[in-house]
Amino acid sequence: ISKRQQIELIYDTLNIPEKDRKTISLPIEIFDVLIFVFSRLERLFGNVKVAPLKSRFADAAEIARIVRYYATEPMVAVGPGEVQGHSRLVDHFRRIAERGGLEEVDKMTTTTGVLELFTKNQYSAGKREEVQLK
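Source: prediction; values computed, not measured. (Residues numbered from 1 in each chain as written. Predicted model: local features only at pLDDT ≥ 70, side-chain atom pairs only at ≥ 80, totals over all residues. Heavy atoms only, no water.)

Asker: Please clarify how the overall build of the protein chain should be interpreted in this entry.
Answerer: Tallying secondary structure elements over the protein chain gives 5 helices and 0 strands in all. When the helices and strands of the protein chain are listed from N to C terminus, the series reads α-α-α-α-α. Here the protein chain, with 134 residues, has 23% of them falling under the buried criterion. Partitioning the contacts of the protein chain with sequence separation of at least 6, the portion at a separation of at least 24 is 54%. Entry remark: accessible area of the protein chain is about 9,900 Å², with carbon and sulfur atoms responsible for 57%. (Helix = DSSP H or I, 4+ residues; strand = E, 2+ residues; numbered from the N terminus. Buried < 20%, exposed > 50% of the residue type's maximum accessible area, 1.4 Å probe, protein only. Contact = heavy atoms within 4.5 Å. Areas by Shrake-Rupley, 256 points an atom, 1.4 Å probe, with all protein chains shown as cover.)

Asker: Help me understand the side chain of Gln-6 in this model?
Answerer: You can see Gln-6 is positioned in helix H1 (residues 3–13). By relative accessible area, which is 14% here, Gln-6 ends up buried. If we skip the residues at most four places from it in the chain, Gln-6 touches Ile-1, Val-76, Leu-89 and Phe-93.

Asker: I tried to follow H1 on my own but got confused; where do I start?
Answerer: Residue pairs spaced three or four apart in an α-helix point in one direction, given the helix's 3.6 residues per turn. Restricting attention to buried positions, one finds in H1 the residues Gln-6, Leu-9, Tyr-11 and Thr-13. Buried residues along H1 sit in contact with helix H4 (89–99). Looking one or two places after H1, you find Asn-15, whose phi comes out positive at around 55 degrees.

Asker: Got a minute to help me understand unusual backbone geometry in this structure?
Answerer: With the exception of glycine, the majority of residues adopt a negative phi angle, and the majority of peptide bonds are in the trans configuration. Residues other than glycine seldom take positive phi values, yet Asn-15 does so here, at roughly 55 degrees. Within the secondary structure, Asn-15 is located in the loop between H1 and helix H2 (29–47). A relative accessible area of 65% means that Asn-15 is categorised as exposed.

Asker: Explain the packing of aromatic side chains here, please?
Answerer: Each aromatic ring pair is specified by the distance between its two centres and by the angle formed by the two planes. Under the criterion given, the structure shown has 3 aromatic pairs. A centroid spacing of 5.5 Å and a plane angle of 20 degrees characterise the contact between Phe-45 and Phe-57, whose relative ring orientation is stacked. Placement of Phe-45 in helix H2 and of Phe-57 in helix H3 (residues 51–72) is noted, with a sequence separation of 12 residues between them. Ring geometry for Tyr-69 versus Tyr-70: centroids 5.5 Å apart, planes at 85 degrees, classification edge-to-face. With a relative accessible area of 27%, Tyr-70 lands in the partly exposed category. (Phe/Tyr/Trp six-rings, centres within 6.5 Å; stacked < 30°, edge-to-face > 60°.)

Asker: How do you make sense of the pattern of salt bridges when you look at a structure like this?
Answerer: A pair can form between side chains of opposite charge whenever their charged atoms are brought close. If you walk through the whole model with that rule in mind, you get 6 salt bridges. The shortest N-O distance in the salt bridge between Arg-68 and Asp-32 comes to 2.7 Å. With Arg-68 in helix H3 and Asp-32 in helix H2, the pair connects residues that are 36 residues apart, well separated along the chain. With relative accessibility at 26%, the residue Arg-68 sits in the partly exposed group. The partly exposed category is assigned to Asp-32, whose relative accessible area is 34%. Across the salt bridge formed by Arg-65 and Glu-62, the nearest N and O atoms sit 3.2 Å from each other. One end of the pair is Arg-65 and the other is Glu-62, both in helix H3 and 3 residues apart, which spans about a single turn. Through salt bridges with shared partners, a single network forms among Glu-8, Asp-12 and Arg-21. (Salt bridge = Lys/Arg side-chain N within 4 Å of Asp/Glu carboxyl O.)

Written out as structure tokens, the structure is:
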């Protein structure tokens, strides 16, 4: 199942009409550029001893690496030896829709969790911090 098909499955699960569906496609190389730029900025600010900026650029580079990984690696089991359990992807999306969102166990292991922590200034690539779940 492609990423595009997964997006459509989510829209279908949430009963979002086709006219209201919005997606964008980006070339994967954009993440390579972001990783390069953020890494260079991290080194630059590390050399001039501006620790807060160095840390922020390090975090941004790590998030770009995480997003690139999730964008390029298959996250859905499809082969007979890969499937564990009995849930289908559509069932998983339905449960999320019924609950009104994800109940993430560890926000450091999903892209949305990491982005949420980063925007709240609670993410650090260098160390894992305990985060209180709502």
